[in-house]
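What the coordinates show
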Amino acid sequence: MIEFASEKYREGIIALWQEAFCDEEEFINGFLDNMKYCENMLIYREQSSVFGMVTMLPVFCGENKGRYIYAVATSEKQRGKGICKNIMKAVDEFIIKEKEKFAILVPAGESLFEFYKKMGYNQIVYKPEFPPIKGRGRKLSIGEYFRLREKFFEKYDFIGWSEENLEYVLSFGETMLWENGAFYREGAEIKEALAPEIFDSEWEIPFGEIKYFEEKLKFDKPYFGLCIN
């Protein structure tokens, strides 16, 4: 059966997550503790065994509410039984019930773009290429970065996080202010740079896919940065 996750099945969720994505238990527990998984995760189970899961994290684009579909997994031994298809159908039903407008996901590999296209995710989301940052800046608080980010993206089709969820997403690196804007990096890798010359350029890197639940809604040049890796 498909239902919302609960603490009762936490161990099974962790076991399936590790099987599917090979993440450390510390990372998984951090995600579950910070992202309200009991409100935002659906699982497929048979008795006490968890064989499928999907997380539906709340995001927005202007006044349009949506969901970021993350950590879609089916137990290897249970594949080919339609579990993933049924879970994704349950996601659609939830979004429609909540009167939300879209869903976005970031496929883990190129082959999965076509897989999700068959489920109705038919607009490719591209991302800019972020160059190395030159010069030195000062560290920003999460609140400061959130406000700068919201202001910067006013003229774009920006798919954003709440400040609370963004705090978790940014917890793996550092946010900095520099002469041309602001940026977020994890180690030496720039994950996002808020600079007009970058966002006004052409984007060529396929990043995600969107499914719309309102017939007339379509974003011209959507940007979804800072997905959870």
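Preceding block: the structure.
Here we summarise the structure given alongside this text.

On to the nonpolar core. With 63 residues, the main nonpolar core has Trp-161 and Ile-228 as its most contacted residues. It is strand β3 (residues 49-61) that provides the largest number of residues to this core, a total of 5 residues. Grouped together as the second largest cluster of nonpolar side chains are 19 residues, Tyr-44, Met-56, Ala-103 and Tyr-116 included.

Bringing the sheet that holds strand β4 (residues 64-74) into the picture now. Backbone-to-backbone hydrogen bonds join strands into a sheet, with any given pair of strands oriented parallel or antiparallel. A sheet is described by the order of its strands in space; here 7 strands give the open sequence β1-β2-β3-β4-β5-β12-β6, paired in mixed fashion. Every interior strand has two partners, whereas the edge strands, β1 (2-4) and β6 (123-127), have only one. The sheet shows a mean angle of 30° between the axes of neighbouring strands, taken without regard to direction. Two strands pair when backbone bridges link them, and strand β5 (residues 102-105) and strand β12 (residues 205-212) are joined in this way by 4 bridges, in the antiparallel orientation. In the strand pairing of β12, Leu-105 is matched with Glu-209.

Applying the stated criterion across every chain yields a total of 31 aromatic pairs. Relative to Tyr-156, the ring of Phe-153 has its centre 5.9 Å away and its plane inclined at 70°; by these criteria the two rings are edge-to-face. As far as the burial class goes, Phe-153 and Tyr-156 line up, both buried. The rings of Trp-17, Phe-21, Phe-27, Phe-31, Tyr-68, Tyr-70, Trp-161, Tyr-168, Phe-172 and Phe-224 are connected pair by pair, giving a single aromatic cluster. The ring of Trp-203 carries the charged tip of Lys-221 above its face, separated from the ring centre by 4.4 Å.

Take the packing of helix α1 (residues 10-21) against helix α2 (residues 25-34) next. Between α1 and α2, whose axes approach to 10 Å, the crossing angle comes to 125°. Considering their axes alone, α1 and α2 lie oblique with respect to each other. At the point where α1 passes α2, the crossing takes the right-handed sense. Packed against α1, whose contacting residues are Arg-10, Ile-13, Ile-14, Trp-17 and Gln-18, the element α2 presents Glu-25, Phe-27, Ile-28, Asn-29, Phe-31, Leu-32 and Asp-33 at the interface.

The rules behind the values
- Residues numbered from 1 in each chain as written.
- Predicted model: local features only at pLDDT ≥ 70, side-chain atom pairs only at ≥ 80, totals over all residues.
- Heavy atoms only, no water.
- Core = buried A, V, L, I, M, F, W, Y, C linked by side-chain atoms within 4.5 Å.
- Buried < 20%, exposed > 50% of the residue type's maximum accessible area, 1.4 Å probe, protein only.
- Helix = DSSP H or I, 4+ residues; strand = E, 2+ residues; numbered from the N terminus.
- Pairing = 2+ DSSP bridges.
- Axes fitted to C-alpha atoms, helices over the stretch in contact; angles between N-to-C directions.
- Phe/Tyr/Trp six-rings, centres within 6.5 Å; stacked < 30°, edge-to-face > 60°.
- Lys NZ or Arg CZ within 6 Å of the ring centre and 35° of its normal.
- Parallel < 35°, antiparallel > 145°, perpendicular 65-115°, else oblique.
- Left-handed = near helix turned anticlockwise from the far one by under 90°.
- Contact = heavy atoms within 4.5 Å.

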